[in-house]
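# Summary of the model geometry
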Amino acid sequence: MTIEIPYIAAVLKAIAFPVMALNMIPVLVWIERRGSAFIQNRIGPNRANIGSFTFLGLLHPFADAMKFMFKEPFRPENAHPVFYFLAPALVVIPSLMALAVIPIADHVWVQGHEISMSVTELEYGIAYVFAVASIGVLGIAIAGWASNNKYSLLGGIRSTAQMISYELSLGLSVLGVLLIFGTLDLNELARGQGALLWGVLPKWGVFLQPVGFLLFVVACFAEANRLPFDLPEGDSELVAGYHTEYGGFKFSMFFMGEYVSMVTLASLIATLFFGGWQVPWMTTTALDAHLGELGRTLSQIAAFAVKIGFFLWLFIWVRWTLPRFRYDQLMRLGWKVVLPLALVNILVTALVLLLANGF
Amino acid sequence: MDFKERIYLWEIVKGLWITLRHLVYNLFHQRSMPTLHYPEEQRPMPARYRGRHRLTQRDDGSLKCTACMLCATACPAKCIYIEAQEGLPEGTEKRPQVYNIDMLKCVYCSLCVEACPCDAIRMDTGLMPPPADSREKFIYRIEELTKYPAIKHPNPPFLHRCGKL
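Residues numbered from 1 in each chain as written. Chains lettered and ligands numbered in written order. Predicted model: local features only at pLDDT ≥ 70, side-chain atom pairs only at ≥ 80, totals over all residues. Heavy atoms only, no water.

### Quick word on the overall build of chain A
Rule in force here: Segments assigned H or I by DSSP are reported as helices when at least four residues long, segments assigned E as strands when at least two residues long, and all are numbered from the N terminus. Only C-alpha atoms enter the radius of gyration, while the globule expectation follows 2.2 Å times N to the 0.38, with N the number of residues. Residue burial is assigned from relative accessible area. The probe radius is 1.4 Å, only protein chains are included, and a residue is buried under 20% of its type maximum, exposed over 50%, and partly exposed in between. Methods summary: accessible areas were calculated by the Shrake-Rupley approach with a probe of 1.4 Å, and residue burial reflects only the protein chains presented. Neither His nor the chain ends contribute to the count of charged residues, in which Lys and Arg are positive and Asp and Glu negative. For the purpose of locating charges, the reference atoms are NZ of Lys, CZ of Arg, CG of Asp and CD of Glu.
Within chain A, the regular secondary structure consists of 13 helices and 4 strands. Taken over C-alpha atoms, the radius of gyration comes to 21 Å for chain A, in line with the 21 Å a tight globule of 359 residues would show. Taking the principal axes of its C-alpha atoms as reference, chain A extends roughly 60 × 55 × 50 Å. Scored against the burial criterion, the 359 residues of chain A give a buried share of 51%. About 16,600 Å² of surface is accessible on chain A, with carbon and sulfur atoms providing 72% of the total. Between the mean site of the 21 positive side-chain charges and the mean site of the 22 negative ones, chain A shows a separation of 10 Å.

### Focus: the pairing of strand β3 (residues 95-102) of chain B
Residue and element names in this part refer to chain B. Stated precisely, the cut-off is as follows: Strand pairing requires that DSSP identify at least two bridges connecting the strands.
Pairing geometry for strand β2 (residues 80-85) and β3, over 6 bridges, is antiparallel. If you follow A84 over to β3, its bridge partner there is P96. Where β3 and strand β5 (residues 139-140) come together, 2 bridges link them in antiparallel fashion. Residue pairing in the sheet places I101 in a bridge with Y140 of β5.

### Regarding the confidence of the model for chain B
As a general rule, the predicted coordinates of low-pLDDT regions are not to be interpreted in detail. Residues and elements named next belong to chain B. We count it as follows: Per residue, pLDDT measures the predictor's confidence, with a range of 0 to 100.
Mean pLDDT over chain B stands at 82; residues scoring 70 or higher make up 90%. Summarising per-element confidence for chain B, the mean pLDDT is lowest in helix α6 (residues 157-161) (53) and highest in helix α3 (residues 70-74) (92). Among the prediction metrics, the complex's ipTM stands at 0.77, with pTM recorded as 0.78.

### As for the nonpolar core
Which entries qualify depends on this criterion: By nonpolar core is meant a set of buried Ala, Val, Leu, Ile, Met, Phe, Trp, Tyr and Cys residues that side-chain atoms within 4.5 Å join together. Residues count as neighbours in contact if any of their non-hydrogen atoms are within 4.5 Å of one another.
One finds L186, F213, F216, L268, L272, F273 and F315 of chain A to be the most contacted residues of the largest nonpolar core, which totals 78 residues. When residues of this core are assigned to their parent elements, the largest contribution, 11 residues, is made by helix α11 (residues 248-273) of chain A. Beyond its immediate chain neighbours, meaning those up to four positions away, F273 of chain A contacts S173, V174, V177, Q193, W204, G205, V206, Q209, G212, F213 and F216 of chain A. Of all hydrophobic cores here, the second largest spans 25 residues; its members include L55, A72, I121 and M123 of chain B.

### Considering the interface of chain B and chain A
Put simply, an interface is often sized by how much accessible area is lost when its parts join up. Just so we agree on the cut-off: Defined here as a combined quantity, buried area equals the accessible surface (1.4 Å probe) lost by two parts on assembly, summed across both. For the purposes of these results, a polar contact is taken to be a pair of N or O atoms within 3.5 Å, where, inside protein, one atom must be able to donate a hydrogen and its partner to accept one; residues adjacent in sequence count only when each atom of the pair is a side-chain atom. Following the grouping adopted for this structure description, the nonpolar residues are Ala, Val, Leu, Ile, Met, Phe, Trp, Tyr, Cys and Pro, the charged ones are Asp, Glu, Lys and Arg, and the polar ones are all others, Gly among them.
In this complex, chain B contributes 19 residues to the contact, which on the side of chain A involves 17 residues. Between chain B and chain A, roughly 1,600 Å² of surface is buried when both sides are summed, and carbon and sulfur atoms account for 71% of that area. On the chain B side of the interface with chain A, the three residues burying the most area are L16, T19 and L23 of chain B, jointly 30% of the side's total. The interface formed by chain B and chain A includes 6 residue pairs in polar contact (both at pLDDT 80 or more). In the side of chain B that touches chain A, the residues fall into 11 nonpolar, 7 polar and 1 charged.

### Considering a nonpolar patch on the surface
Residue and element names in this part refer to chain A. What counts, and what does not: What makes a patch is a set of residues exposed beyond 30% relative accessible area and free of salt bridges, joined within 9 Å when like-charged and within 5 Å when nonpolar (Val, Leu, Ile, Met, Phe, Trp, Tyr). Take a side-chain nitrogen of Lys or Arg and a carboxyl oxygen of Asp or Glu: if they are within 4 Å of each other, that pair is a salt bridge.
Taken together, the side chains of V82, F83, L86, W145, L153 and I157 define a hydrophobic patch exposed on the protein surface, amounting to about 540 Å² of accessible area. Relative to the elements of secondary structure, L153 occurs in helix α6 (residues 150-181). L153 gets classed as partly exposed once you look at its relative accessible area, which sits at 36%.

### A look at the sheet that holds β3 of chain B
Here we have 3 strands laid out as an open sheet, ordered β2-β3-β5 (chain B), and antiparallel in their pairing. Edge positions in the open sheet fall to β2 and β5 of chain B, since each of these has one partner strand only.

### What to know about empty space enclosed by the protein
Residue and element names in this part refer to chain A. Selection criterion: Here a cavity is any set of points on a 1 Å grid over the protein atoms alone where a 1.4 Å probe fits but cannot get out, and a pocket is any open set with protein on both sides within 12 Å along at least 5 of 7 lines; a residue lines the site when it has an atom within 4 Å of a point. Grid points are joined across faces, edges and corners, and a volume is the space filled by probe spheres set on the points.
All chains considered together, the criterion is met by 4 cavities of 30 Å³ or more. Space inside the largest cavity adds up to approximately 240 Å³. At the level of secondary structure, the elements contributing two or more residues to the lining of the largest cavity comprise α3 (83-98), α5 (135-146) and α11. A per-class count over the lining of the largest cavity returns 11 nonpolar, 6 polar and 2 charged. The computed volume of the second largest cavity comes to approximately 70 Å³.

### So, the packing of helix α9 (residues 210-223) of chain A against helix α13 (residues 327-357) of chain A
All names here are of chain A. Note the threshold: Fitted lines through C-alpha atoms give the axes, limited to the stretch in contact for helices. The angle between two N-to-C directions lies from 0 to 180 degrees. What makes a crossing left-handed is the near helix being turned counterclockwise from the far one by less than a right angle; a clockwise turn instead makes it right-handed.
Remark: α9 packs on α13, axes separated minimally by 10 Å, with the N-to-C direction vectors making an angle of 145°. Crossing of α9 over α13 shows left-handed handedness. Two secondary-structure elements touch here, α9 through V211, G212, L215 and V218 and α13 through L333, V338, L341, A342 and N345. For the contact of α9 with α13, the residue count by class is 7 nonpolar, 2 polar and no charged.

### Quick notes on the packing of α3 of chain A against helix α4 (residues 125-133) of chain A
Residues and elements named next belong to chain A. Condition: By the definition adopted for this analysis, an angle is roughly parallel if under 35 degrees, roughly antiparallel if over 145, roughly perpendicular if from 65 to 115, and oblique otherwise.
The contact between α3 and α4 brings their axes to 8 Å, and the two run at 175°. In terms of their interaxial angle, α3 and α4 are classed as roughly antiparallel. The residues of α4 that touch α3, namely those facing P94, M97 and A98, are Y128, V129 and V132. Its residues assigned to classes, the contact of α3 with α4 comprises 6 nonpolar, no polar and no charged.

### A look at the pattern of salt bridges
Residues and elements named next belong to chain A. Enumeration over the complete set of coordinates arrives at 13 salt bridges over all chains. Across the salt bridge formed by E32 and R226, the nearest N and O atoms sit 2.9 Å from each other. Remark: R226 occurs in the loop between α9 and α10 (235-238) and E32 occurs in helix α1 (residues 5-39); sequence separation between them is 194 residues. For the pair formed by E32 and R226, the shared burial category is buried.

Listed below in structure tokens is the structure:
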């Protein structure tokens, strides 16, 4: 019996992509800690070592992981016996699932089979991402409710309100890009951004939709619960918000969920507005001709890595720059600024497209 | 707030520029950061810092302490416990058999040092008590209190002033 190459590729991709995303977490934690330290004129954690080699503090995330794993799995009194344990999984799994449709390079050909460089390729990919990502809110809300703690409950309520407000803007702010490229498939979107605009600029979403890009980034920050929108956590007001009562590995799952959704959202920003895997000014065919298929794929992966690397750094950078919004400010920004601007943006984009393409 | 500030985006860019400047500067000037790498680097203690106690010794190595209990009486925390015994050449001053200081109770007020008529107890080691993992280890006996090398501090100036030296 021979196993078809597409099946082997699907299994390999289904293993490799989540592993890649999870492996970014320690690096991100490291950059977050040392970066924030340098921003605040501190040294940052640099003590964990193996035989006096500290690797610039890179071992701290691993020491943390060990600590989380060996802690007692503790359930507070009167916490819900099922939902309390279900909530962390409901946060991690959707953020890992949302990564499934993000392409990291153009299609490759293996022995006559066309294989996409994402776990799966859906023609409604972007809708899938939003659908799956919104399950994560459930996890946070359930965590807040099941912990039987007033701070957790407040955090959970805040997160539902915040997520509903900003998910709307998140969906609406990308509609402009979707209208221009006329597809929901993320790989098609990235391919569409390979052309040139007026012969100079790459036809990236950010140049066609600057307002949409800004609104999308703002909504992404709210969606990832990162500062300036980390009200569900709100450590100065709510202790730690929805994960006040969580410790050990359950806490680390919330932690992983936050960082994986950062990776997802950064790659979404890169794919929608910065050409995804497109190497600027080089189309897939041109790269194929110059570098061969392997070289083309590697350079596209590298281009994608640089782009999402920048946006991951932006997430961290903004966190250590801006203070947290007040709750009413958050709501006002979401409903009175971001949402109307997104609607106007869609209207203008649609009108311009209508006029440009003729009635 | 004018319009440019109300729109907030330009202010965010300004803030990001400030933090980026700090980050880049500190990346390349790590030595100039004010952080002290504590256990390896320590700030010098001021000369009159009240640190861990030490029992002073005569030139022959015997304790100067005569177990007169003045320090234990003066102690507001009641952390000093002394048991006296006969002096070594029969008929001379008595000496302590047990001299325990409970470092968990001690408040580092140095009233014991002021009370001592023999300059037998001093707090001039300049050391902080190290951590320990049981309460018993915080009770310092004569062995712990005498094991420091003679500190080269000059005698405290107040001894000169009151004519004790």
